[in-house]
Amino acid sequence: MTTNADEAQTRPRRRAPAGAAVLREDVTEAIRAAVFEELASVGYARMSIEGIARRAGVGKTAVYRRWKSKLHLVLDVVSALAVLGLPVPDTGSLEGDLRLLYELTSRALRHPVASQIIPDLQAEAARNPEIAEAMQKALRDGQEGVASKILAGARQRGEIRAGIDGELALDLISGPLYWRSVVIRSPKLPKGYLEALTRATAEALKAL
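Residues numbered from 1 in each chain as written. Predicted model: local features only at pLDDT ≥ 70, side-chain atom pairs only at ≥ 80, totals over all residues. Heavy atoms only, no water.

**Concerning helix α3 (residues 49-56)**
Heads up, the condition is: Between buried and exposed lies partly exposed: a residue is buried under 20% and exposed over 50% of the maximum accessible area for its type, with that area taken using a 1.4 Å probe on protein chains only. Helix numbers and strand numbers start at the N terminus; a helix is a DSSP run of H or I with at least 4 residues, a strand a run of E with at least 2.
Every buried residue of α3 is listed here: Ile49, Gly51, Ile52, Ala53 and Ala56. Looking one or two residues past α3, glycine 57 carries a phi angle of roughly 75°, positive in sign.

**Regarding a nonpolar patch on the surface**
Rules: Here, patches come from residues exposed beyond 30% relative accessible area and free of salt bridges, joined within 9 Å for like charges and within 5 Å for nonpolar side chains (Val, Leu, Ile, Met, Phe, Trp, Tyr). Surface exposure here means Shrake-Rupley accessible area, sampled with a 1.4 Å probe, where a residue is shielded only by the protein chains that are shown. We define a salt bridge as a side-chain nitrogen of Lys or Arg found within 4 Å of a carboxyl oxygen belonging to Asp or Glu.
On the surface, a nonpolar cluster with roughly 320 Å² of combined accessible area is contributed by Trp179, Val183 and Ile184. You can see tryptophan 179 is positioned in helix α9 (residues 166-183).

**Focus: empty space enclosed by the protein**
Basically, it comes down to this: Whether a set of points on the 1 Å grid over the protein atoms alone is a cavity depends on a 1.4 Å probe fitting there but being unable to get out, while an open set qualifies as a pocket with protein on both sides within 12 Å along at least five of seven lines; lining residues are those with an atom within 4 Å of a point. Grid points are joined across faces, edges and corners, and a volume is the space filled by probe spheres set on the points. Any residue outside Ala, Val, Leu, Ile, Met, Phe, Trp, Tyr, Cys, Pro, Asp, Glu, Lys and Arg is labelled polar, Gly included; the first ten of those are nonpolar and the last four are charged.
For the coordinates displayed, the defined rule picks out one cavity of 30 Å³ or more. If you trace the largest cavity, you find it lined by Leu109, Ala114, Ser115, Ile118, Pro119, Ser181, Val182 and Arg185. At the level of elements, α7 (112-125) and α9 are the ones that each hand at least two residues to the lining of the largest cavity. For the lining of the largest cavity, the residue count by class is five nonpolar, two polar and one charged.

**Describing the pattern of salt bridges**
Following the criterion strictly, the structure yields eleven salt bridges and no others. Glutamate 38 serves as the salt-bridge partner of arginine 55, at 2.7 Å between the closest nitrogen and oxygen. Here the residue arginine 55 occupies a position in helix α3, and glutamate 38 occupies one in helix α2 (residues 25-46), the gap between them amounting to 17 residues. Residue arginine 55 is classed as partly exposed on the basis of its relative accessible area, which comes to 37%. Residue class for glutamate 38 comes out buried when judged on its relative accessible area of 7%. For glutamate 124, the salt bridge goes to arginine 127, with nearest N and O atoms at 2.9 Å. Ionic contacts of the salt-bridge type, sharing partners, join the residues Glu29, Arg32 and Asp76 into one network.

**Considerations on the environment of leucine 100**
Keep this limit in mind: Every residue pair with non-hydrogen atoms within 4.5 Å of one another is taken to be in contact.
Turning to its location among the elements, leucine 100 is positioned in helix α6 (residues 94-109). Residue leucine 100 is classed as partly exposed on the basis of its relative accessible area of 31%. C-alpha separation for the pair leucine 100 and proline 89, spaced eleven residues apart in sequence, amounts to 6.4 Å. Excluding its chain neighbours within four sequence positions, the residues that come into contact with leucine 100 are Pro89 and Thr91.

**Focus on the nonpolar core**
As a reminder, the rule being used: Buried Ala, Val, Leu, Ile, Met, Phe, Trp, Tyr and Cys residues that are joined via side-chain atoms within 4.5 Å together make up what is termed a nonpolar core.
One finds Ile31, Val35, Tyr44, Leu73 and Leu121 to be the most contacted residues of the largest nonpolar core, which totals 33 residues. At the level of elements, α2, α3, α4 (60-66), α5 (70-84), α7, α8 (129-156) and α9 are the ones that each hand at least two residues to this core. Membership of the second largest hydrophobic core comes to 21 residues, among which are Leu101, Tyr102, Ala147 and Leu177.

**Considering the layout of surface pockets**
Roughly 260 Å³ of volume is contained in the second largest pocket. Lining the second largest pocket are Gln122, Met135, Gln136, Leu139, Arg140, Gln143, Leu170, Asp171, Ser174, Gly175 and Tyr178. Taken together, the residues of the lining of the second largest pocket break down into four nonpolar, five polar and two charged.

**Let's talk about the confidence of the model for the protein**
Low pLDDT means the predicted atomic positions in that stretch should not be read closely. What counts is decided by this rule: Looking at any residue, its pLDDT shows the predictor's confidence there, from 0 to 100.
Residues of the protein with pLDDT of at least 70 account for 85%, and the chain-wide mean is 82. When the elements of the protein are averaged for pLDDT, helix α1 (residues 4-10) gives the smallest value, 46, and helix α10 (residues 193-207) the largest, 96. Confidence drops under pLDDT 50 across residues 1-20; counting only partners more than four residues distant or on other chains, this segment forms two contacts.

Okay, structure coming up:
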């Protein structure tokens with residue numbers, strides 16, 4: 001009489017389907033990096049799968065195995081920004097948290113690649129709802145998550161009142177720096193700008 005153990009030993013093992021593609025993570029990351037470089041170099045409209053593949057050192061097939069078009073590729077890369085996010089400052093004071101947030105955000109926005117990509121994708125977002133949605137998620141959701149935690153800490157310390165308008169608070173925290181860095185695209189922040197912005201924002205939040 002055969003036992004279950006005997007049957008398990010004699011039963012042929014299942015194999016992965018012949019020809020199943022195994023996507024190497026290092027290739028995927030190389031392609032993602034190439035997308036940022038290509039966007040910064042030629043912009044979304046002139047960007048091509050061929051150019052991305054060439055910059056990543058892979059064939060076009062490697063790109064198409066992962067994404068079916070340049071739109072889906074860019075949407076994936078931009079959406080990934082949202083999950084990266086910014087570290088939540090925890091300095092022990094509202095002004096300290098805002099000051100650190102502004103330093104980190106300013107540095108990220110003024111990076112040569114980001115300063116080229118964000119305005120270009122914003123222009124495309126006006127014509128493409130899918131890009132608009134991805135941009136909103138990448139730029140707004142990340143800031144909103146950090147800002148909500150800064151506000152929660154300030155409420156616990158009694159620096160701001162409970163029940164303030166969260167949407168207005170987010171606009172106060174994030175709006176001015178994005179306006180200066182992304183819309184106006186000022187090549188250099190005025191001396192003392194971040195310190196003044198920190199004080200003004202903290203006072204405005206306390207007044208809500």
